[in-house]
Amino acid sequence: MELLRLTALSDIKVKELLLQASKAAMPEHITALDLYERPDKECPVFFPSSLLKLDALLHGGFPTGTISEIAGPPGCGKTQFCIMLSVLATLPRELGGLNGGVVYIDTESAFSAERLVEVARHRFPGHFSREEAFISLTSRVHLYLESTCHSLLTRLEHLEEELISKGIRLIILDSVASLVRKEFDNLLSGNLIERTNLLSKEAAILKYLAETFSIPVVVTNQITTRINQPSSHANMLSVNTGAAIVEGEGSYVTAALGNTWSHNVNTRLILQFLDEHRRQIMIAKSPIAPFATLVYTIQDKGIVLEDDGMDPLLVRGTDPGLQQIRVRTSISHAIPGEMWSHQ
């Protein structure tokens, strides 16, 4: 009725107008062959992490058009990984970058512009030997500090226009768990359902943006302790994979937000502590990569894999939502790079 009044058209003409508008707004119908033959010069299928062994396992890097998650305990390097990816995304394609901008949504006030510049200078000294390169880098990383679940959801809902106007080629959300864990007490009736619904909305928006613009979306996640019935299976898994330290009888550490959230991410990397000086990347979920672990340290140039000449360790995997995570059990020894690695 409103269109009839505004357009002064007949009922038949208004229905034709609505039909045309619906067709224009409806997602394009494509086949698998269309996707396979789609040129990827402007929209690469993978976003290389610059960690060669990891990229090889992932068949090229972080897949575009999907959500990838980096989970792990505090201090293992999640934010360091995101800062490094931000540098990479702004680089020209000939250097392995996406030649675009970055939307960096920070919910923990962990982002550091100084660290961004430091990683760029040490990881790509040739490219960042000129002041103009640093200006280009810092002007292409768009930082948004969100402190409530409402403000984060609002930001995501209005992000599409900015992706177009600012030439964004990478979205980072650091972290997806921080705000919901502050605002929702799972012990209160109804809170868990409300939290799950909120996370589903956020995931749906991020998936839509990733698919529509053929860009990678990377989110970080925290850890939680799950209470389980004592069993020999947990201890056997810890021994066989080196993937976990059981906190106590019947409990273990795993990625936060539960099994339902884990189905929203296509790729999950778990960062965990290996010993006093080294950390470990585990591919816990991927549609194309095997379960595997790689050892790394955090240096001036960001995440650096150990070049020991050995192949990545293939491990025994489990449900990604239940994958156990090794946490640091002692703080009596300083870890190199810890001044940077609060996330």
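Because the structure is predicted, anything quoted here is derived from the model rather than measured.

## Concerning the environment of Y144
Position of Y144 relative to the elements: it lies in strand β5 (residues 141-145). With 38 residues separating them along the chain, Y144 and D106 place their C-alpha atoms 6.0 Å apart. Excluding residues that lie within four positions of it along the chain, Y144 makes contacts with V103, Y104, I105, D106, R155, E162 and K166.

## Quick notes on the environment of L153
Here L153 lies in helix α8 (residues 149-157). If we ignore the near neighbours within four places in the chain, the residues touching L153 are L198, K201, E202 and I205.

## Some thoughts on the pairing of strand β3 (residues 67-71)
By the criterion of burial, β3 is predominantly enclosed, with five of the five residues buried. Of the two faces of β3, the one holding I67, E69 and A71 and the one holding S68 and I70 are both buried throughout. Where β3 and strand β7 (residues 217-221) come together, five bridges link them in parallel fashion. Paired with I70 across the bridge in β7 is T220.

## Remarks on the confidence of the model for the protein
Chain-level statistics for the protein give a pLDDT mean of 83 and a share of 77% at 70 or above. The secondary-structure element of the protein with the lowest mean pLDDT is helix α12 (residues 232-241), recorded at 36, while strand β4 (residues 101-106) shows the highest, at 98. Overall, residues 230-247 carries pLDDT values under 50, and its contacts beyond four positions in sequence, including any with other chains, amount to 37 contacts. For residues 330-343, every residue scores under 50 in pLDDT, and the model assigns this stretch 39 contacts once sequence neighbours within four places are set aside.

## So, the environment of E162
Mapping E162 onto the fold places it in helix α9 (residues 160-165). For the pair E162 and V103, spaced 59 residues apart in sequence, the C-alpha to C-alpha distance is 8.9 Å. Residues contacting E162, with those up to four places away along its chain left out, are Y144, R155, G167 and I168.

## Regarding the layout of surface pockets
Reported here for the second largest pocket is a volume of approximately 350 Å³. Considering the residues around the second largest pocket, the lining is formed by 19 residues, among which N186, L192, R195, L257 and G258 are closest to the centre. Going through the elements one at a time, α11 (191-213), β8 (223-227) and α13 (258-262) are the ones with two or more residues in the lining of the second largest pocket. Looking at the lining of the second largest pocket element by element, the count peaks at five residues for α11. Across the lining of the second largest pocket, the residue classes tally to eight nonpolar, eight polar and three charged.

Rules used in this analysis
Residues numbered from 1 in each chain as written. Predicted model: local features only at pLDDT ≥ 70, side-chain atom pairs only at ≥ 80, totals over all residues. Heavy atoms only, no water. Helix = DSSP H or I, 4+ residues; strand = E, 2+ residues; numbered from the N terminus. Contact = heavy atoms within 4.5 Å. Buried < 20%, exposed > 50% of the residue type's maximum accessible area, 1.4 Å probe, protein only. Pairing = 2+ DSSP bridges. pLDDT = per-residue confidence, 0-100. 1 Å grid on protein atoms, 1.4 Å probe; cavity = no way out; pocket = protein on both sides within 12 Å on 5 of 7 lines; lining within 4 Å. Points joined across faces, edges and corners; volume = space filled by probe spheres on them. Nonpolar A, V, L, I, M, F, W, Y, C, P; charged D, E, K, R; others polar.

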